[in-house]
Amino acid sequence: MIAGIIGVALVLQTGGSACAAPPSTTTKSGKATFYELAGTSGNCSFEVPADDLYVALGPAQYAEGASCGAYLDVTGPKGKVRVKVFDSCPECAPGHLDLSRTAFKKIGAEIDGIIGIKYKLVKNPSVPGPISVRIKEGASQYWFAARIDNHANLLSSVKVASSGGGFTSAHRTDFNYWLIDGGAGPGPFKIKITDVYGRTSTVTGIKMTPGTVQKTGVRASSGSSSSTESSTASSTKKKASPSASASGAASPAASASESASGSASAKVKTSVSPKPSPSASSASPLLESATTDPAAGAAPTDPEVALAAAEDTAAC
């Protein structure tokens, strides 16, 4: 029973590498509310999806940015919707999904404010386009920072090589950028992306052009363990969002110190949601007990809450 609750959150340290099973795709129960962005982006630093279907997760399930870019199928009283993990919801306990208004209206009555739901992580979802890379404002040959989008599955690792050099591992931030504090050179870059199922995609021709979304020819929406590569990348200038802009300086120390609290976009809550548990932001997800909100008619939340597996899964 305990092993079932722990599920994918159990991490085994072996030979210096963190190994974990792929995340669970079983259906879980919870509740949903909705919100609207007051800014232009969420904590994951993505542009707002064209279909306006996205979700914010509480601290345990947001997992310091590890869940960014994944997709969930959410079923409510009126039907089912697929949403992209786009933002964090500091007040949300495990199993409480804060949907965009558009997504909420597809599965429930807006007037209800809170509805009971079923949801699950989607493996190998279809995505709107090929993998794209955005180099962060303030990045240089001495400090590398990139956001990866349209990767479909949860990511395990990102490695970067420049000008024929070897690959260097990047580390993920809670605002969904992958950093190499000592830099990766001037570029152009080759970036190797590995998801939690061991699927590897390699994109090349990524330039050191901060603030620009560079589209590649690589799609990572289906298949199992495989490797694909693109030799070119096209660029599209995007207006900097609050969560993706440098904090007034290009130095590694200043940029690397960004946190979710500094990059979070303001939210406008349009429904009445239950007050968060005093321990919701600090309790271990493994210790969360199933809860029910009778007033909202919500189904019990599942104690198996982690969406993201540990990094370096491919090393297993």
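Residues numbered from 1 in each chain as written. Predicted model: local features only at pLDDT ≥ 70, side-chain atom pairs only at ≥ 80, totals over all residues. Heavy atoms only, no water.

With an unreviewed UniProt entry as reference, the protein chain is termed RlpA-like protein double-psi beta-barrel domain-containing protein, source organism Actinoplanes missouriensis.

**Digging into unusual backbone geometry**
Cis rather than trans, the peptide bond between glycine 187 and proline 188 has omega equal to 0°. Here proline 188 shows up in the loop between strand S14 (178-180) and strand S15 (189-195). Despite not being glycine, asparagine 124 has its phi angle at roughly 55°, a positive value. By the element assignment, asparagine 124 lies in the loop between strand S8 (115-121) and strand S9 (132-135). (Helix = DSSP H or I, 4+ residues; strand = E, 2+ residues; numbered from the N terminus.)

**Focus on the state of the cysteines**
Enumeration over the complete set of coordinates arrives at 2 disulfides. Here cysteine 44 connects covalently by a disulfide to cysteine 68, the sulfurs 2.0 Å from one another. When the S-S torsion is -80°, as for the bridge of cysteine 44 with cysteine 68, the disulfide is left-handed. One end of the pair, cysteine 44, is in the loop between strand S3 (28-37) and strand S4 (54-57); the other, cysteine 68, is in the loop between helix H2 (59-62) and strand S5 (71-76), and 24 residues separate them in sequence. Cysteine 68 matches cysteine 44 in its accessibility class, with the two residues each being buried. Assigning the bonded cysteines of the protein chain consecutive numbers by sequence position, one obtains the connectivity 1-2, 3-4. (Disulfide = S-S within 2.5 Å. Buried < 20%, exposed > 50% of the residue type's maximum accessible area, 1.4 Å probe, protein only.)

**Considerations on the side chain of aspartate 98**
Position of aspartate 98 among the secondary structure elements: in strand S7 (residues 96-100). At 3.4 Å, the side chain of aspartate 98 forms a polar contact with the backbone nitrogen of phenylalanine 34. (Polar contact = N/O pair within 3.5 Å; in protein donor to acceptor, adjacent residues only side chain to side chain.)

**Points about the environment of alanine 220**
Within the fold, alanine 220 resides in the loop between strand S17 (212-216) and strand S18 (227-230). Distance from alanine 220 to arginine 199, taken between C-alpha atoms, is 8.4 Å for residues 21 residues apart in sequence.

**Description of the packing of aromatic side chains**
According to the stated counting rule, one finds 5 aromatic pairs in the structure shown. Seen from their ring centres, tyrosine 35 and tyrosine 54 are 5.9 Å apart, and the 75° between their planes marks the pair as edge-to-face. With tyrosine 35 in strand S3 and tyrosine 54 in strand S4, this pair connects stretches of sequence that are 19 residues apart. Under the relative-accessibility criterion, tyrosine 54 is labelled buried at 4%. Aromatic side chains phenylalanine 175 and tyrosine 177 sit 6.0 Å apart centroid to centroid with 40° between the ring planes, which places their arrangement in the tilted category. What makes phenylalanine 175 buried here is its relative accessible area of 0%. Since its relative accessible area comes to 0%, tyrosine 177 is described here as buried. Through successive ring pairs, a cluster of aromatic residues spans Tyr35, Tyr54 and Phe86. Across the ring face of tyrosine 197, the terminal group of lysine 123 is positioned such that the distance to the ring centre comes to 4.5 Å. Positioned above the aromatic ring of tyrosine 177, the side-chain terminus of lysine 136 is 5.9 Å from the ring centre. (Phe/Tyr/Trp six-rings, centres within 6.5 Å; stacked < 30°, edge-to-face > 60°. Lys NZ or Arg CZ within 6 Å of the ring centre and 35° of its normal.)

**Regarding the pairing of S17**
Burial of S17 is extensive: 4 of the 5 residues sit out of reach of the surface. The pairing of S9 with S17 spans 3 bridges and is classified as antiparallel. Within S17, the residue paired with arginine 134 across the bridge is valine 213. (Pairing = 2+ DSSP bridges.)

**Looking at the pattern of salt bridges**
According to the stated counting rule, one finds 7 salt bridges in the structure shown. Between glutamate 110 and lysine 105 there is a salt bridge, with its nearest N and O atoms 4.0 Å apart. The exposure class assigned to lysine 105 is partly exposed, which follows from its relative accessible area of 41%. Ionic contacts of the salt-bridge type, sharing partners, join the residues Glu36, Arg101, Lys105 and Glu110 into one network. (Salt bridge = Lys/Arg side-chain N within 4 Å of Asp/Glu carboxyl O.)

**Let's talk about the confidence of the model for the protein chain**
Averaged over all residues, the pLDDT of the protein chain is 75; the fraction at 70 or higher stands at 63%. The low-confidence segment residues 221-228 (pLDDT under 50) makes 23 contacts with residues lying over four places distant or belonging to another chain. (pLDDT = per-residue confidence, 0-100. Contact = heavy atoms within 4.5 Å.)

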